[in-house]
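What follows is the residue order along each chain.
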Amino acid sequence: MAVEPGLQWSYLLDTWRELDVPEGWRAEIDEGKIALVPPPGVGHNMIAEEVHWALKRCLPRSVGVYQTLGTEIVPLEKLYMPDLVVVDKALLDPEDSSVDAGAVMMAVEITSKDNARQDRTKKLWAYAHAPVSLYLLIDRFDPAGPTVTLFEEPENGAYRRTVRASFGEPVKLPDPFGVELVTKDFPAAAKTARK
């Protein structure tokens, strides 16, 4: 089906909203296509739960932490489903299934083996352009060893400040969080033997 120029994003977004995605899977829009993301593994979920718990403890009730909230970057015609999204509840429309990325206080992505490169490059670029104020990348598959990187101060499509720590080192989240994220219990990805 051909879509009129200028209506592609609207068509993709409507299609995304109507998808019947298998439980645990997520659908994202990138490069004019809808892609299904498989459910993450146990280690990934353990990290998501730890970060979710830490964020909920330090934020007021007026701010939500969500695991299945679509994050639209309309000018780039992208819609991602970050592993965690922090947003002021007053900015959410209860009848919608997504939020504008510019309203997001922090997006959290936890790499899986198959998506690590995309989280490190495409999503970093897109979140900086949105701009999402803070991008927390928890990279279990970093070639240098498991790391947590906090990207801050987006300007002109790039983050001006980056704080990087290895698993085991705490990561200080700036206001309004004002908390140190403890990473010592984050499970690292198992190393695969070379053939």
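On a predicted model such as this, the values are computed, not experimentally measured, just so you know.

Novice: Help me out: how do you make sense of the layout of surface pockets in this one?
Specialist: By rolling a water-sized probe across the atoms, one finds the places where empty space is left. Put simply, the largest pocket is a space of about 470 Å³. If you go around the largest pocket, you meet 23 residues; those closest to its centre are Leu36, Val37, Pro38, Asp114 and Asn115. Among the elements that make up the lining of the largest pocket, the one with the highest residue count is strand 2 (residues 33–37) (4 residues). A per-class count over the lining of the largest pocket returns 7 nonpolar, 5 polar and 11 charged.

Novice: Sorry if this is basic, but what is going on with the pattern of salt bridges here?
Specialist: One side chain can pair with another of opposite charge once the charged atoms of both are near each other. Using the criterion set out here, one finds 16 salt bridges in the structure. The shortest N-O distance in the salt bridge between Asp14 and Arg17 comes to 3.6 Å. A residue pair is termed a helical-turn pair when its members lie 3 or 4 positions apart in one helix, as Asp14 and Arg17 do in helix 1 (residues 8–18) at 3 residues. A relative accessible area of 37% places Asp14 in the partly exposed class. Residue Lys123 is joined to Glu28 by a salt bridge in which the shortest nitrogen-to-oxygen separation is 3.1 Å. Of the two residues, Lys123 is situated in helix 4 (residues 122–129) and Glu28 in strand 1 (residues 26–30); the sequence distance between them amounts to 95 residues. Residue classification places Lys123 among the buried positions, given a relative accessible area of 3%. Its relative accessible area of 5% is what places Glu28 among the buried residues.

Novice: I would appreciate a short explanation of a nonpolar patch on the surface in the present structure.
Specialist: Side chains of Leu19, Trp25, Ile34 and Leu36 sit close together on the surface and give an oily, nonpolar patch of about 320 Å² of accessible area. Relative to the helices and strands, Trp25 is located in the loop between helix 1 and strand 1. The class for Trp25 is partly exposed, based on a relative accessible area of 34%.

Novice: Whenever I open this one, the pairing of strand 2 confuses me. Can you help?
Specialist: The side chains of a regular strand alternate between the sheet's two faces. With 5 bridges connecting them, strand 1 and strand 2 associate as antiparallel partners. For Ala27, the partnering residue across the bridge sits in strand 2 and is Leu36. The turn joining strand 1 and strand 2, which pair antiparallel and follow one another in sequence, is formed by 2 residues; a positive phi near 55 degrees is taken by Glu31.

Novice: What's the story with unusual backbone geometry in this structure? I'm lost.
Specialist: Working note: non-glycine residues mostly have negative phi, and peptide bonds are mostly trans. A cis geometry characterises the amide bond from Ala130 onward to Pro131, with omega recorded as -15 degrees. Relative to the elements of secondary structure, Pro131 occurs in the loop between helix 4 and strand 9 (134–139). Cis rather than trans, the peptide bond between Asp175 and Pro176 has omega equal to 10 degrees. With respect to the element layout, Pro176 can be found in the loop between strand 12 (171–173) and strand 13 (179–181). Residues other than glycine seldom take positive phi values, yet Glu153 does so here, at roughly 55 degrees. Here Glu153 lies in strand 10 (residues 147–155). By relative accessible area, which is 35% here, Glu153 ends up partly exposed. At Asn156, a residue that is not glycine, the phi angle is positive and equals roughly 55 degrees.

What counts and what doesn't
- The numbers attached to residues start from 1 for each chain and follow its sequence in the written order.
- Totals for whole chains, interfaces and linings use all residues, but because this is a predicted model, local features are given only for residues with pLDDT of at least 70 and pairs of side-chain atoms are given and counted only at 80 or more.
- Side-chain measures were taken over the full set of non-hydrogen atoms in the model, leaving aside hydrogen atoms and water.
- A 1.4 Å probe that fits into a set of points on a 1 Å grid over the protein atoms alone but cannot get out defines a cavity; an open set with protein on both sides within 12 Å along at least five of seven lines defines a pocket, and lining residues are those with an atom within 4 Å of a point.
- Grid points are joined across faces, edges and corners, and a volume is the space filled by probe spheres set on the points.
- By the criteria applied, helices consist of DSSP H or I runs no shorter than four residues and strands consist of E runs no shorter than two, each listed in order from the N terminus.
- Side-chain classes are defined by residue name, with Ala, Val, Leu, Ile, Met, Phe, Trp, Tyr, Cys and Pro counting as nonpolar, Asp, Glu, Lys and Arg as charged, and the others, Gly among them, as polar.
- Any carboxyl oxygen of Asp or Glu within 4 Å of a side-chain nitrogen of Lys or Arg constitutes a salt bridge here.
- Any residue under 20% of the maximum accessible area for its type is buried, any over 50% is exposed, and the rest in between are partly exposed; the area is computed with a 1.4 Å probe on protein chains only.
- Patches here: salt-bridge-free residues with over 30% relative accessible area, like charges joined within 9 Å, nonpolar side chains (Val, Leu, Ile, Met, Phe, Trp, Tyr) joined within 5 Å.
- Only the protein chains shown count as cover for residues, and the accessible areas themselves come from Shrake-Rupley with a 1.4 Å probe.
- The pairing criterion for strands is at least two bridges between them, as found by DSSP.

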